[in-house]
Amino acid sequence: VLLSHIPLARPPERSCGPLRLSARPLPDALGYGYVTQVSPAVSAQLLAATRPLAVFSGDDHDPCEVQHQLPNSSLLVPELTVGTFSYLQGVQ
């Protein structure tokens with residue numbers, strides 16, 4: 001199991017599934033002191049090195065479920081972005 005505060009990289013058009021509360025996709029943004037997704041290169045390195053059965057992340061505060069393909073493999077790994085428990089984060 002891979003635990004990451006920041007979600008792994010995914011294409012902007014990838015759906016987060018029916019549990020997502022926001023209509024917007026997970027943004028790919030970089031700013032002073034923050035990033036909203038792990039870079040594609042680092043995401044691939046993490047998946048190749050750990051070969052997890054599942055990935056859990058949480059920084060987006062909105063539920064999201066995506067599948068990542070393990071590098072050099074046909075295996076798919078689910079990533080679940082866990083929603084916030086706080087109403088102060090902008091998600092009901």
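Please refer to the structure placed before this passage.
The shown structure was predicted, so the numbers you read here are calculated from the model rather than taken from an experiment. (Residues numbered from 1 in each chain as written. Predicted model: local features only at pLDDT ≥ 70, side-chain atom pairs only at ≥ 80, totals over all residues. Heavy atoms only, no water.)

Our focus in this paragraph is the environment of R20. With respect to the element layout, R20 can be found in the loop between strand 1 (2-3) and strand 2 (30-31). The buried category is assigned to R20, whose relative accessible area is 11%. With residues up to four places along the chain from it excluded, the contact list for R20 reads P25, L26, D60, D62, P63 and C64. At 3.5 Å, the side chain of R20 and the backbone oxygen of P63 are in polar contact. (Helix = DSSP H or I, 4+ residues; strand = E, 2+ residues; numbered from the N terminus. Buried < 20%, exposed > 50% of the residue type's maximum accessible area, 1.4 Å probe, protein only. Contact = heavy atoms within 4.5 Å. Polar contact = N/O pair within 3.5 Å; in protein donor to acceptor, adjacent residues only side chain to side chain.)

On to the pairing of strand 5 (residues 64-69). Within a regular strand, side chains alternate between the sheet's two faces. Every second residue of strand 5 is oriented toward a common face, the buried set being C64, V66 and H68 and the non-buried set E65, Q67 and Q69. Pairing of strand 5 with strand 6 (residues 76-81), which is carried by six bridges, proceeds in the antiparallel orientation. Pairing of Q67 across the sheet is with P78, part of strand 6. (Pairing = 2+ DSSP bridges.)

These figures capture arrangement, not role.
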